[in-house]
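Chains, contacts and geometry: an overview
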There are 2 protein chains.
Amino acid sequence: MKGESRGGVSVQASSSHSGPTPFPKVPRVSGCGGCGPLCLRIYIALCPGSFARCTAFVPLRLSENTQLRYVATLALSVQDQLTADDDDDNNMPFDTELTRRLGIRIPVVQGGMQHVGYAELAAAVSNAGGLGILTALTQPTPDDLRKEIRKTKTMTKYPFGVNITLLPALVPPDYAAYAQAVIDEGINIVETAGNSPGPVIKKLKAAGVIILHKCTTIRHAQSAIKLGVDFLSIDGFECAGHVGESDITNFILLSRARQSLKVPFIASGGFADGQGLAAALCLGAEGINMGTRFMCTVEAPIHRNIKETIVKAQETDTALVMRKWTNTTRLYKNKVTDEAIKVEKAATGDKFDDMAPLMSGKRGREVFINGDPDYGVWTAGQVIGLIHDIPTCHELVTRIEKEAEETLTAKLSLASSKAKL
Amino acid sequence: MKGESRGGVSVQASSSHSGPTPFPKVPRVSGCGGCGPLCLRIYIALCPGSFARCTAFVPLRLSENTQLRYVATLALSVQDQLTADDDDDNNMPFDTELTRRLGIRIPVVQGGMQHVGYAELAAAVSNAGGLGILTALTQPTPDDLRKEIRKTKTMTKYPFGVNITLLPALVPPDYAAYAQAVIDEGINIVETAGNSPGPVIKKLKAAGVIILHKCTTIRHAQSAIKLGVDFLSIDGFECAGHVGESDITNFILLSRARQSLKVPFIASGGFADGQGLAAALCLGAEGINMGTRFMCTVEAPIHRNIKETIVKAQETDTALVMRKWTNTTRLYKNKVTDEAIKVEKAATGDKFDDMAPLMSGKRGREVFINGDPDYGVWTAGQVIGLIHDIPTCHELVTRIEKEAEETLTAKLSLASSKAKL
């Protein structure tokens, strides 16, 4: 592929792409009501033709300095991606069931993350060669999800998916309407998770959607298989968020999946690098799913303080809460989880009233906006201890691909005489 | 190497070995006070020249039928081993820091196991190409350990080690005397575990012994490095026995070890097969340590009912007890652990009195002799769910070697264009 250099950035000539370009040229930024001229000025200077993305930063209410930093790093990410596109034809894809079925290049899925899985992140992961995923319930209504899907399509030409997580709620969201939005917008990959996903999966399958279903036990995996899911996403005890109640680690769960499941599976929980991808492949997975690791990338639309908190954290900096209500959740250990653990210990019977304000999703969402890691609860996996930088998604996924290949090559060379011949 | 066939078993001509033969010919079985003539008769018929081992079964007080079964399977194991010796020269060893330093062929260590790590098992693992390990404290006195070491030497010409686990006790064993026995008998590999191993490690290091130290956190690993240990044995949350209090899984701990530790390490907890070995190597380990898996081999000197219990068990069939006393232990989930969990929940303060009879080591030892899995507590890892047969150690270790190599070869072929060239 040929490109031309503008302002230090290699920009694709649109004729060299079939289908929409990853970052279409937009003459003006509609709906940009908050970022202000600074954002635009820098973005346009660094990366002409790509500034449609800056609208994403309006809801983050960033200070001018933070805008500056975000936009600069985002522009570098775009530069990365455009450079990467040049290499596309030189790189053979990983050849796993996952890459073949989903039409992606590297078997790395960005898992659904509440208040994180917006268009910016999903498009960046897909542009990097993995599978980006929008989180349906982060959008207030099915119509908002439609808009987010359309926005993502303007930002990547590659496949991406939507996560629909079904959790117990007093007033459940209209899951069927979210699923319909996905179908109507032509999305053909959905990650499902949570309880009683049967009706949603049935609806999506009828529309020909490929389903990746997350589960934390082999028993749940077997139920999901009966529902006709295409891939299982096996989520070990080390994972962020809902870990289940069996506490089985991924070394065991993945091997058990290999031994007993008849559908392909990916490994979720505990992954941050190519050594992890190589290990997951060895245990029988077709790829990996990463959440916490993708939170700590340039494109993740969350406050930089939270990313820096992840970089500083140790593997021991997560906490489990809600076990008493058999809804165990792994969270970043902070002042709120410390308080929640005290309340949980003291709670008798089914009484959840004192926990509710601590576990508030609204406060959790605020964390990502105001950058105060102690403001509310937010999910993080034990893998938080393995994350030491804030790369672009392209840097990260490319690094993982390289590490995985180098690792398998190096380890095979240890293995036996045959390998040495 | 050449062998001759006797009674269907290929027996090595003694001249083909340098050093002691793995199973020396003993004209009579001294100290065989219980097994009786049946044991001897079958053993000699199936495997002439190897019957020195039958003395091991005296303390097990087996019925005649059980003797028959044991001896028959043991004889097959010997046959296996002798056949394996024929292949020795055709197989290149795995080339890891562990195999090089310990002088073993396959990077698989049989971890120390109370009431299981006797000469029979250690010798069988070492004969199979891994590292067998005697458990020092299973021997009532340091002198008994000397005898067990000498016995093991008559059963294998290959390196084996001794485990010394230091646990809090009202009347601690004379660890220094056990360490002295190890040194006096010329054992140059010791696995240490538990609290405050400093003095024992110092004594052993001064005698030139290679130390593998088990730990469940990176912090403890760093302390052990300061003591001069040669290898760390990184023990994830999935492991049997003392899991520590941080609950960090091996996917995280091993990666963290690779990122942060300056001494080589092996992976412990969660391993049963070659896919696991391949994955551990990918995460940076120099080999694996297996306990529960080796309990479920022909040569493990425990009642067959317990092995069959392991085969039937699921990964969810373990339980954690003793967390209240920060001495959390993973055990096979049975009637006694169910009771212990109830008592632990009800316990207030430091009160341990009601737990003590349930956690009795004496009753745990009886389990392995009488074959009743509900008789007392016995340790098992989550890996119990991955074990589906009772192979000989040779079958198992050979299978692991083959699986690991095949896995790495197959996965590398998925990885990239370069791998496909």
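Placed above this text is the structure.
Computed from a predicted structure; not experimentally measured. (Residues numbered from 1 in each chain as written. Chains lettered and ligands numbered in written order. Predicted model: local features only at pLDDT ≥ 70, side-chain atom pairs only at ≥ 80, totals over all residues. Heavy atoms only, no water.)

A separate point is the overall build of chain A. What chain A contains, in helices and strands, is 16 helices and 13 strands. Across the 421 residues in chain A, those meeting the buried criterion constitute 60%. Intrachain contacts of chain A at a sequence separation of at least 6 include 63% that bridge at least 24 residues. Just so you have it, chain A exposes about 16,100 Å², and 54% of that area is on carbon and sulfur atoms. (Helix = DSSP H or I, 4+ residues; strand = E, 2+ residues; numbered from the N terminus. Buried < 20%, exposed > 50% of the residue type's maximum accessible area, 1.4 Å probe, protein only. Contact = heavy atoms within 4.5 Å. Areas by Shrake-Rupley, 256 points an atom, 1.4 Å probe, with all protein chains shown as cover.)

Another point: the state of the cysteines. Note on terminology: disulfide describes a covalent bond linking the sulfur atoms of two cysteines. What the rule picks out here adds up to zero disulfides over all chains. We note that A:C215 lacks a disulfide partner, and the nearest cysteine sulfur, in A:C239, lies 11 Å from it. Relative accessible area serves as the criterion here: at 5%, A:C215 is assigned to the buried category. Cysteine B:C393 is unpaired, with the sulfur of B:C296 as its nearest cysteine sulfur at 11 Å. (Disulfide = S-S within 2.5 Å.)

Attention shifts here to the environment of B:T249. Along the chain, B:T249 falls in the loop between β9 (241-242) and α9 (250-260). Distance from B:T249 to B:N370, taken between C-alpha atoms, is 33 Å for residues 121 residues apart in sequence. In contact with B:T249, not counting residues within four places along its chain, are A:F237, A:E238, A:T249, A:Q382, B:G236, B:F237 and B:E238. Within polar-contact distance, the side chain of B:T249 engages the side chain of A:E238 at 2.5 Å. (Polar contact = N/O pair within 3.5 Å; in protein donor to acceptor, adjacent residues only side chain to side chain.)

As a further point, take the sheet that holds strand β12 (residues 318-321) of chain B. Residues and elements named next belong to chain B. Pairing within the open sheet is antiparallel, and its three strands lie in the order β9-β13-β12. With one partner strand each, in any of the chains shown, β9 and β12 form the two edges of the open sheet. Across the face of the sheet, helix α13 (residues 335-346) comes into contact with β12 and β13 (329-332) while running at roughly 30 degrees to β12. (Pairing = 2+ DSSP bridges. Axes fitted to C-alpha atoms, helices over the stretch in contact; angles between N-to-C directions.)

On the side of chain A, 53 residues touch chain B, which itself brings 53 residues to the contact. Surface buried jointly by chain B and chain A totals about 4,600 Å² across both partners, of which 64% is contributed by carbon and sulfur atoms. Together, B:F251, B:I252 and B:C282 form the three largest contributors to the area buried by chain B at its contact with chain A, with a combined 15%. Across the pair B:E315 and A:R256 runs a salt bridge whose closest N-O atoms are separated by 3.0 Å. Scanning the region where chain B abuts chain A turns up 20 residue pairs in polar contact (both at pLDDT 80 or more). For the side of chain B that touches chain A, the secondary structure elements donating two or more residues are α9, α10 (274-282), α15 (393-415) and α16 (417-420) of chain B. Partitioned by chemical class, the residues of the side of chain B that touches chain A number 23 nonpolar, 19 polar and eleven charged. (Buried area = accessible area lost by both parts, 1.4 Å probe. Salt bridge = Lys/Arg side-chain N within 4 Å of Asp/Glu carboxyl O. Nonpolar A, V, L, I, M, F, W, Y, C, P; charged D, E, K, R; others polar.)

For the structure on display, the rule yields ten aromatic pairs over all chains. Ring geometry for A:F368 against A:W378: centres 6.3 Å apart, planes inclined by 70 degrees, an arrangement best described as edge-to-face. With A:F368 in helix α14 (residues 361-370) and A:W378 in the loop between α14 and α15 (393-415), this residue pair connects regions lying ten residues apart in the sequence. The buried category is assigned to A:W378, whose relative accessible area is 2%. An aromatic cluster is present here, built from A:F251, A:F271, B:F251 and B:F271 joined pairwise through their rings. The cationic tip of A:R330 hangs over the ring face of A:F237; the distance from NZ or CZ to the ring centre is 4.7 Å. (Phe/Tyr/Trp six-rings, centres within 6.5 Å; stacked < 30°, edge-to-face > 60°. Lys NZ or Arg CZ within 6 Å of the ring centre and 35° of its normal.)

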